[in-house]
Amino acid sequence: MDYIDIPGSRLPVSRLIKGTDYFYHHAYELAAANMDAFLALGGNAVDSAHIYCGGQSEEVLGKYMEERGNRDKIVILTKGAHHDQNGPRVNKQAIADDLQVSLERLRTDHIELYALHRDDPDVHVGVIVEALNAHIESGAIGAIGGSNWTWQRLQEANEYAAAHGLVGFTFSSPNLSLAKAKEPYWKDAVSADQATIDWHEKHQLPLLSWSSQARGFFTGRFSPDDRSDADLVRVFYNDANWERLARAERLAADKGVTAIQIALAYVLNQPFPACALIGARNAEELRSCDEAMRLALTREELDWLDLKRETV
(Lines give C-alpha, C1' and ligand atoms only; values in the text may rest on other atoms or scores of the structure.)
Protein backbone atom coordinates (compact mmCIF):
# COMPACT_ATOMS: atom_id res chain seq x y z
CA MET A 1 0.00 0.00 0.00
CA ASP A 2 1.18 3.51 -0.75
CA TYR A 3 0.52 6.48 1.51
CA ILE A 4 0.45 10.26 1.41
CA ASP A 5 1.05 12.81 4.13
CA ILE A 6 -1.73 15.22 5.04
CA PRO A 7 -0.69 18.01 7.43
CA GLY A 8 -2.57 17.58 10.68
CA SER A 9 -3.04 13.82 10.47
CA ARG A 10 -1.09 11.88 13.09
CA LEU A 11 -0.47 9.06 10.56
CA PRO A 12 0.25 8.87 6.83
CA VAL A 13 -2.93 8.19 4.87
CA SER A 14 -3.32 5.13 2.66
CA ARG A 15 -4.04 6.02 -0.97
CA LEU A 16 -7.02 3.70 -0.90
CA ILE A 17 -9.65 4.84 1.61
CA LYS A 18 -12.27 2.31 2.63
CA GLY A 19 -15.87 3.44 2.20
CA THR A 20 -18.33 2.60 4.98
CA ASP A 21 -21.66 3.79 3.65
CA TYR A 22 -23.02 0.24 3.90
CA PHE A 23 -21.98 -0.34 7.52
CA TYR A 24 -25.21 -1.26 9.30
CA HIS A 25 -25.56 -3.04 12.64
CA HIS A 26 -27.43 -5.94 11.05
CA ALA A 27 -24.45 -6.50 8.71
CA TYR A 28 -21.73 -6.02 11.30
CA GLU A 29 -19.89 -9.23 10.49
CA LEU A 30 -19.65 -8.26 6.81
CA ALA A 31 -18.33 -4.81 7.72
CA ALA A 32 -15.79 -6.27 10.14
CA ALA A 33 -14.59 -8.84 7.61
CA ASN A 34 -14.21 -6.14 4.97
CA MET A 35 -12.23 -3.96 7.37
CA ASP A 36 -9.98 -6.89 8.33
CA ALA A 37 -9.26 -7.59 4.64
CA PHE A 38 -8.58 -3.92 3.93
CA LEU A 39 -6.15 -3.59 6.83
CA ALA A 40 -4.42 -6.81 5.73
CA LEU A 41 -3.63 -5.11 2.41
CA GLY A 42 -1.99 -2.25 4.28
CA GLY A 43 -4.89 0.18 4.10
CA ASN A 44 -5.42 2.34 7.16
CA ALA A 45 -7.88 5.10 6.19
CA VAL A 46 -11.66 4.81 6.36
CA ASP A 47 -14.34 7.22 5.17
CA SER A 48 -17.58 7.88 7.01
CA ALA A 49 -19.96 10.75 7.71
CA HIS A 50 -22.43 11.94 10.29
CA ILE A 51 -25.33 11.15 7.92
CA TYR A 52 -24.18 7.76 6.56
CA CYS A 53 -26.60 4.93 7.25
CA GLY A 54 -28.50 7.17 9.63
CA GLY A 55 -25.49 7.24 11.92
CA GLN A 56 -24.89 3.50 11.91
CA SER A 57 -21.78 3.78 9.73
CA GLU A 58 -19.87 5.63 12.43
CA GLU A 59 -21.34 3.42 15.17
CA VAL A 60 -20.29 0.21 13.44
CA LEU A 61 -16.81 1.57 12.79
CA GLY A 62 -16.51 2.60 16.44
CA LYS A 63 -17.60 -0.85 17.60
CA TYR A 64 -15.17 -2.52 15.22
CA MET A 65 -12.17 -0.47 16.38
CA GLU A 66 -13.02 -1.05 20.04
CA GLU A 67 -13.43 -4.82 19.56
CA ARG A 68 -10.23 -5.16 17.52
CA GLY A 69 -8.27 -2.75 19.71
CA ASN A 70 -6.81 -1.11 16.61
CA ARG A 71 -7.96 2.51 16.90
CA ASP A 72 -4.34 3.70 17.00
CA LYS A 73 -3.67 2.16 13.56
CA ILE A 74 -6.63 3.73 11.74
CA VAL A 75 -7.03 7.13 10.10
CA ILE A 76 -10.65 8.27 10.32
CA LEU A 77 -12.07 10.57 7.67
CA THR A 78 -15.54 11.66 8.65
CA LYS A 79 -17.76 14.54 7.67
CA GLY A 80 -20.33 16.83 9.23
CA ALA A 81 -22.51 19.90 8.68
CA HIS A 82 -24.49 18.35 5.83
CA HIS A 83 -27.65 20.16 4.77
CA ASP A 84 -30.96 18.92 6.20
CA GLN A 85 -34.59 19.36 5.19
CA ASN A 86 -34.43 22.97 6.32
CA GLY A 87 -31.42 23.85 4.19
CA PRO A 88 -27.71 24.55 4.82
CA ARG A 89 -26.22 23.99 8.28
CA VAL A 90 -22.62 25.08 7.74
CA ASN A 91 -22.31 27.11 10.91
CA LYS A 92 -20.47 27.06 14.23
CA GLN A 93 -23.22 25.30 16.20
CA ALA A 94 -23.95 22.61 13.60
CA ILE A 95 -20.25 21.83 13.23
CA ALA A 96 -19.86 21.48 17.01
CA ASP A 97 -23.00 19.37 17.38
CA ASP A 98 -22.19 16.98 14.52
CA LEU A 99 -18.58 16.60 15.63
CA GLN A 100 -19.56 15.70 19.19
CA VAL A 101 -22.03 13.08 17.98
CA SER A 102 -19.46 11.62 15.59
CA LEU A 103 -16.86 11.32 18.35
CA GLU A 104 -19.35 9.50 20.57
CA ARG A 105 -20.41 7.11 17.81
CA LEU A 106 -16.81 6.40 16.83
CA ARG A 107 -15.86 5.79 20.49
CA THR A 108 -12.86 8.06 20.18
CA ASP A 109 -11.67 11.49 21.29
CA HIS A 110 -9.93 12.43 18.06
CA ILE A 111 -10.66 12.41 14.33
CA GLU A 112 -7.65 12.58 12.02
CA LEU A 113 -9.40 14.05 8.96
CA TYR A 114 -12.55 16.10 9.45
CA ALA A 115 -14.37 17.49 6.44
CA LEU A 116 -17.40 19.68 6.01
CA HIS A 117 -19.77 17.56 3.94
CA ARG A 118 -21.21 20.58 2.12
CA ASP A 119 -20.50 24.28 1.79
CA ASP A 120 -22.71 27.32 2.22
CA PRO A 121 -21.35 30.16 0.09
CA ASP A 122 -23.59 32.57 2.00
CA VAL A 123 -21.47 32.04 5.12
CA HIS A 124 -18.18 33.94 5.26
CA VAL A 125 -15.24 31.53 5.21
CA GLY A 126 -13.74 33.25 8.23
CA VAL A 127 -16.59 32.08 10.45
CA ILE A 128 -16.10 28.51 9.25
CA VAL A 129 -12.31 28.47 9.51
CA GLU A 130 -12.39 29.93 13.02
CA ALA A 131 -14.98 27.37 14.16
CA LEU A 132 -12.90 24.49 12.85
CA ASN A 133 -9.70 25.85 14.36
CA ALA A 134 -11.31 25.84 17.80
CA HIS A 135 -11.73 22.07 17.47
CA ILE A 136 -8.17 21.66 16.24
CA GLU A 137 -6.98 23.53 19.32
CA SER A 138 -9.09 21.30 21.58
CA GLY A 139 -7.48 18.21 20.05
CA ALA A 140 -10.76 16.82 18.72
CA ILE A 141 -9.65 16.97 15.08
CA GLY A 142 -6.33 16.94 13.27
CA ALA A 143 -6.66 18.04 9.64
CA ILE A 144 -9.60 19.95 8.19
CA GLY A 145 -10.93 19.76 4.66
CA GLY A 146 -13.87 20.43 2.42
CA SER A 147 -15.97 17.74 0.82
CA ASN A 148 -17.89 19.21 -2.11
CA TRP A 149 -16.22 22.60 -1.84
CA THR A 150 -15.18 24.46 -4.98
CA TRP A 151 -11.54 25.32 -5.42
CA GLN A 152 -12.44 28.99 -5.24
CA ARG A 153 -13.92 28.60 -1.75
CA LEU A 154 -10.98 26.45 -0.65
CA GLN A 155 -8.58 29.14 -1.78
CA GLU A 156 -10.62 31.84 -0.06
CA ALA A 157 -10.63 29.83 3.18
CA ASN A 158 -6.90 29.20 3.08
CA GLU A 159 -6.13 32.82 2.29
CA TYR A 160 -8.19 33.82 5.33
CA ALA A 161 -6.41 31.26 7.51
CA ALA A 162 -2.97 32.45 6.37
CA ALA A 163 -3.88 36.09 7.00
CA HIS A 164 -5.12 35.36 10.52
CA GLY A 165 -2.54 32.85 11.74
CA LEU A 166 -4.97 29.93 11.59
CA VAL A 167 -4.81 26.40 10.21
CA GLY A 168 -6.25 26.14 6.74
CA PHE A 169 -7.77 23.26 4.82
CA THR A 170 -5.11 20.64 4.09
CA PHE A 171 -7.23 18.37 1.90
CA SER A 172 -10.25 18.42 -0.36
CA SER A 173 -12.72 15.66 -1.18
CA PRO A 174 -14.75 16.23 -4.34
CA ASN A 175 -15.62 13.66 -6.97
CA LEU A 176 -12.77 13.02 -9.38
CA SER A 177 -13.10 10.25 -11.93
CA LEU A 178 -12.18 9.46 -15.52
CA ALA A 179 -15.87 9.75 -16.46
CA LYS A 180 -16.89 13.40 -16.17
CA ALA A 181 -20.17 14.24 -14.45
CA LYS A 182 -22.67 16.12 -16.62
CA GLU A 183 -24.50 17.32 -13.52
CA PRO A 184 -24.18 16.79 -9.76
CA TYR A 185 -24.98 13.28 -8.57
CA TRP A 186 -26.55 14.81 -5.46
CA LYS A 187 -27.64 18.36 -4.78
CA ASP A 188 -24.62 20.63 -4.27
CA ALA A 189 -22.15 17.79 -4.90
CA VAL A 190 -18.93 18.98 -6.55
CA SER A 191 -16.99 17.16 -9.26
CA ALA A 192 -13.45 18.20 -10.13
CA ASP A 193 -13.27 19.96 -13.48
CA GLN A 194 -10.07 20.95 -15.28
CA ALA A 195 -9.78 24.19 -13.33
CA THR A 196 -9.98 22.20 -10.09
CA ILE A 197 -7.31 19.78 -11.26
CA ASP A 198 -5.07 22.67 -12.30
CA TRP A 199 -5.55 24.35 -8.92
CA HIS A 200 -4.68 21.17 -7.02
CA GLU A 201 -1.58 20.73 -9.16
CA LYS A 202 -0.49 24.30 -8.48
CA HIS A 203 -1.01 24.08 -4.72
CA GLN A 204 -0.29 20.34 -4.30
CA LEU A 205 -3.27 20.08 -2.00
CA PRO A 206 -4.23 16.43 -1.43
CA LEU A 207 -7.49 15.35 -3.09
CA LEU A 208 -9.51 12.44 -1.69
CA SER A 209 -11.91 11.44 -4.44
CA TRP A 210 -15.37 10.02 -3.82
CA SER A 211 -16.99 7.94 -6.59
CA SER A 212 -13.47 7.52 -7.89
CA GLN A 213 -14.61 4.75 -10.26
CA ALA A 214 -17.70 6.64 -11.45
CA ARG A 215 -20.13 4.34 -9.65
CA GLY A 216 -19.31 1.34 -11.82
CA PHE A 217 -19.34 3.08 -15.21
CA PHE A 218 -16.12 1.27 -16.19
CA THR A 219 -17.11 -2.23 -15.08
CA GLY A 220 -18.36 -3.23 -18.52
CA ARG A 221 -21.90 -3.75 -17.22
CA PHE A 222 -23.25 -0.66 -18.97
CA SER A 223 -23.71 0.46 -22.57
CA PRO A 224 -25.49 3.35 -24.32
CA ASP A 225 -28.51 1.10 -24.79
CA ASP A 226 -28.67 0.01 -21.15
CA ARG A 227 -30.57 2.72 -19.33
CA SER A 228 -31.48 0.68 -16.26
CA ASP A 229 -29.60 2.94 -13.84
CA ALA A 230 -31.33 6.31 -14.11
CA ASP A 231 -28.74 8.16 -12.01
CA LEU A 232 -25.84 6.78 -14.01
CA VAL A 233 -27.60 7.79 -17.24
CA ARG A 234 -28.30 11.26 -15.88
CA VAL A 235 -24.77 11.90 -14.66
CA PHE A 236 -22.38 10.00 -16.93
CA TYR A 237 -24.05 8.96 -20.19
CA ASN A 238 -22.67 11.01 -23.07
CA ASP A 239 -20.47 10.45 -26.11
CA ALA A 240 -17.33 11.78 -24.46
CA ASN A 241 -17.58 9.36 -21.53
CA TRP A 242 -18.26 6.40 -23.83
CA GLU A 243 -15.08 7.33 -25.68
CA ARG A 244 -13.21 7.49 -22.37
CA LEU A 245 -14.50 4.01 -21.57
CA ALA A 246 -13.36 2.72 -24.97
CA ARG A 247 -9.90 4.17 -24.44
CA ALA A 248 -9.71 2.73 -20.92
CA GLU A 249 -10.55 -0.69 -22.38
CA ARG A 250 -7.83 -0.37 -25.03
CA LEU A 251 -5.19 0.73 -22.54
CA ALA A 252 -6.28 -2.01 -20.13
CA ALA A 253 -5.83 -4.64 -22.86
CA ASP A 254 -2.31 -3.33 -23.53
CA LYS A 255 -1.40 -3.51 -19.84
CA GLY A 256 -3.16 -6.78 -19.05
CA VAL A 257 -5.57 -5.24 -16.56
CA THR A 258 -9.24 -4.18 -16.55
CA ALA A 259 -10.87 -0.92 -17.59
CA ILE A 260 -12.06 -0.19 -14.07
CA GLN A 261 -8.49 -0.58 -12.82
CA ILE A 262 -7.37 1.93 -15.43
CA ALA A 263 -10.11 4.28 -14.23
CA LEU A 264 -8.87 4.03 -10.64
CA ALA A 265 -5.25 4.43 -11.74
CA TYR A 266 -6.29 7.63 -13.56
CA VAL A 267 -7.33 9.15 -10.22
CA LEU A 268 -4.23 8.00 -8.38
CA ASN A 269 -1.73 9.15 -11.03
CA GLN A 270 -2.74 12.81 -10.99
CA PRO A 271 0.09 15.38 -10.70
CA PHE A 272 -0.76 16.06 -7.05
CA PRO A 273 -1.29 13.86 -3.96
CA ALA A 274 -4.48 11.87 -4.49
CA CYS A 275 -6.37 9.14 -2.69
CA ALA A 276 -9.43 7.22 -3.81
CA LEU A 277 -12.45 6.41 -1.68
CA ILE A 278 -13.40 2.88 -2.71
CA GLY A 279 -16.60 0.93 -2.25
CA ALA A 280 -15.00 -2.52 -2.40
CA ARG A 281 -17.10 -4.99 -0.41
CA ASN A 282 -15.20 -8.25 -0.82
CA ALA A 283 -11.64 -9.55 -1.05
CA GLU A 284 -11.69 -9.74 -4.86
CA GLU A 285 -12.75 -6.11 -5.25
CA LEU A 286 -10.15 -5.04 -2.69
CA ARG A 287 -7.41 -6.90 -4.57
CA SER A 288 -8.51 -5.25 -7.82
CA CYS A 289 -8.22 -1.82 -6.23
CA ASP A 290 -4.84 -2.65 -4.72
CA GLU A 291 -3.52 -3.76 -8.12
CA ALA A 292 -4.86 -0.58 -9.71
CA MET A 293 -3.09 1.53 -7.11
CA ARG A 294 0.20 0.03 -8.31
CA LEU A 295 -0.38 0.94 -11.97
CA ALA A 296 1.77 3.79 -13.23
CA LEU A 297 0.29 5.96 -15.97
CA THR A 298 2.26 8.61 -17.83
CA ARG A 299 1.06 12.18 -18.29
CA GLU A 300 0.57 11.33 -21.97
CA GLU A 301 -1.62 8.36 -21.08
CA LEU A 302 -3.67 10.48 -18.67
CA ASP A 303 -4.21 13.11 -21.33
CA TRP A 304 -5.16 10.50 -23.92
CA LEU A 305 -7.66 8.87 -21.59
CA ASP A 306 -9.12 12.29 -20.90
CA LEU A 307 -9.49 13.05 -24.63
CA LYS A 308 -6.84 15.78 -24.59
CA ARG A 309 -4.77 14.05 -27.27
CA GLU A 310 -5.55 11.68 -30.10
CA THR A 311 -2.65 9.27 -29.76
CA VAL A 312 -0.47 8.00 -26.97
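Now for a look at the structure at hand. Model, not experiment: these values are computed from the prediction.

The rules we used
Residues numbered from 1 in each chain as written. Predicted model: local features only at pLDDT ≥ 70, side-chain atom pairs only at ≥ 80, totals over all residues. Heavy atoms only, no water. Phe/Tyr/Trp six-rings, centres within 6.5 Å; stacked < 30°, edge-to-face > 60°. Buried < 20%, exposed > 50% of the residue type's maximum accessible area, 1.4 Å probe, protein only. Lys NZ or Arg CZ within 6 Å of the ring centre and 35° of its normal. Helix = DSSP H or I, 4+ residues; strand = E, 2+ residues; numbered from the N terminus. Polar contact = N/O pair within 3.5 Å; in protein donor to acceptor, adjacent residues only side chain to side chain. Contact = heavy atoms within 4.5 Å.

## Remarks on the packing of aromatic side chains
Right, on to step 1. A complete count under the given rule lists 10 aromatic pairs for this structure.
Right, on to step 2. Relative to Phe23, the ring of Tyr22 lies with its centre 5.1 Å away and its plane at 90°, an arrangement referred to as edge-to-face.
Right, on to step 3. Since its relative accessible area comes to 1%, Phe23 is described here as buried.
Right, on to step 4. Through a chain of ring-to-ring contacts, the aromatic side chains of Phe217, Phe218, Phe236, Tyr237 and Trp242 assemble into a single cluster.
Right, on to step 5. Just above the ring of Tyr28 sits the side chain of Lys63; from NZ or CZ to the centre is 4.2 Å.

## A short note on the side chain of His110
Right, on to step 1. Structurally, His110 can be placed in the loop between helix 3 (92–106) and strand 6 (111–116).
Right, on to step 2. Taking the relative accessible area as the measure of exposure, His110 reaches 18% and is therefore buried.
Right, on to step 3. Here Gly139 takes part through its backbone oxygen, which lies 2.9 Å from a polar atom of the side chain of His110.
Right, on to step 4. Look past the residues within four positions of His110 in its chain and what remains in contact with it is Arg10, Arg71, Leu103, Gly139, Ala140, Ile141 and Gly142.

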